[in-house]
Each structure stands twice: as C-alpha cells, then as structure tokens.
Amino acid sequence: PSPPLLVDVREPWEFAICHLPHSRLLPMRQLFQDPAACLPQTGELVLICHHGIRSRQVGGFLGRHGFGPLINLDGGLEAWAREIDREMATY
C-alpha cells in the first residue's frame, strides 16, 4: 500500500514557518473551491493545520464529497511540535 498523502490546509505564510516533510500545501480555501482538482479521490489523506480545527473542517467537507479514508492530525502542528518534534519552529 502507498503511504498516506499529507495535506497541509494552512496558508502559505504558515507553511513557510514550519511543516512536516513531504506534506503538500493545499490551503483550505483552495480545497473548498474544487477538491477533485486538488486531490486524488482514493487513498488515505492526513489533514494538517495549526491546531487541528481547520483540518477537521476540511475533513468533514471532503468526507461529504466522497474522499477518504481521512485522518485529522489531532492538535495540529502545535501539538506535533510540543509532543513529537521539539525542534520544529512554532508560531
């Protein structure tokens, strides 16, 4: 099986400060306009944002449009930096 696609739904300025390696920047507003143009319809997606709130909203939206399986990075990159990678930049 192929690894999940890491989808960062934050804004470009946030992504420039910190992001997970191999994650793909697709801002929330862009995904809401035309998700089929941005993402594969099948395959596991891990949704990422700052605190996990925007990515949860995107997950609900994508789920209603037939995407999945979907995983929300609980707590977002803020929690990741605090609990997993303490050297990651924060904002």
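Here, the structure is the one placed above.
Within each chain, residue numbers correspond to sequence positions counted from 1 in written order. Totals for whole chains, interfaces and linings use every residue, but because this is a predicted model, local features are given only for residues with pLDDT of at least 70 and side-chain atom pairs only at 80 or more, for both listing and counting. Think of the side-chain values as coming from all heavy atoms in the structure, minus any hydrogens and water.

> Explain the packing of aromatic side chains to me, and be specific about the residues and the numbers.
Two aromatic rings, drawn from Phe, Tyr or Trp (for Trp, its six-membered ring), form a pair once their centres lie within 6.5 Å of each other, and the interplanar angle then sorts them: stacked below 30 degrees, edge-to-face above 60, tilted otherwise. Overall, the coordinates contain 2 aromatic pairs when judged by the stated rule. With centroids separated by 4.6 Å and ring planes inclined at 65°, the aromatic side chains of Phe32 and Phe61 adopt a geometry described as edge-to-face. Of the two residues, Phe32 sits in helix H2 (residues 28-33) while Phe61 sits in helix H4 (residues 53-64), which places them 29 residues apart along the sequence. Numbered from the N terminus, helices here are DSSP runs of H or I no shorter than four residues, and strands are runs of E no shorter than two.

> Got a sec to walk through the sheet that holds strand E1 (residues 5-8)? Specific residues and values, please.
A sheet is described by the order of its strands in space; here 4 strands give the open sequence E2-E1-E3-E4, paired in parallel fashion. Looking at strand neighbours, the two that pair on one side only are strand E2 (24-25) and strand E4 (70-72), the edges of this open sheet. Sheet topology places E1 next to E2; 2 bridges connect them, and they run parallel. The partner of Val7 across the bridge, within E2, is Arg24. Only heavy atoms matter for contacts: two residues are in contact if any of them lie within 4.5 Å across the pair. Lines are fitted to the C-alpha atoms to define the axes, a helix being fitted only along its stretch in contact, and any angle between axes, read from their N-to-C directions, falls within 0 to 180 degrees. The strands touched by H4 are strand E3 (45-48) and E4; relative to E3, the strand with the most contacts, the crossing angle is about 145°. Two strands are counted as paired when DSSP detects at least two bridges linking them.

> With reference to specific residues and values, describe the side chain of His50.
One can find His50 in the loop between E3 and H4. In protein, a polar contact requires one atom able to donate a hydrogen and another able to accept it; more generally it is a pair of N or O atoms within 3.5 Å, and residues adjacent in sequence count only if both atoms are side-chain atoms. Polar contacts involving the side chain of His50 include one to the main-chain carbonyl oxygen of Tyr91, which spans 3.4 Å.

> Would you mind going over the environment of Arg24 in detail, with residue names and values included?
Within the secondary structure, Arg24 sits in strand E2. For the pair Arg24 and Ile84, spaced 60 residues apart in sequence, the C-alpha to C-alpha distance is 20 Å. Those residues in contact with Arg24 that sit more than four places away from it in its chain are Leu5, Leu6, Val7, Asp8 and Cys38.

> Which residues make up unusual backbone geometry, and what values do they have?
Gly68 connects to Pro69 through a cis peptide bond whose omega is 0°. Counting through the fold element by element, Pro69 comes out in the loop between H4 and E4. Even without being a glycine, His22 presents a positive backbone phi close to 70°. Along the chain, the position of His22 falls in the loop between helix H1 (12-17) and E2. Relative accessibility under 20% of the residue-type maximum defines a buried residue, over 50% an exposed one, and the middle range a partly exposed one, all with a 1.4 Å probe and only protein chains included. We classify His22 as exposed; its relative accessible area is 77%.

> Let's hear about the state of the cysteines: which residues, and what values?
We call a pair of cysteine sulfur atoms a disulfide whenever their separation is within 2.5 Å. Going through the model one piece at a time under the given rule, you end up with 0 disulfides. There is no disulfide at Cys18, and the cysteine sulfur nearest it, in Cys49, is 11 Å away. Lacking any disulfide linkage, Cys38 is separated from the closest cysteine sulfur, that of Cys49, by 17 Å. Judged by its relative accessible area of 9%, Cys38 is buried.

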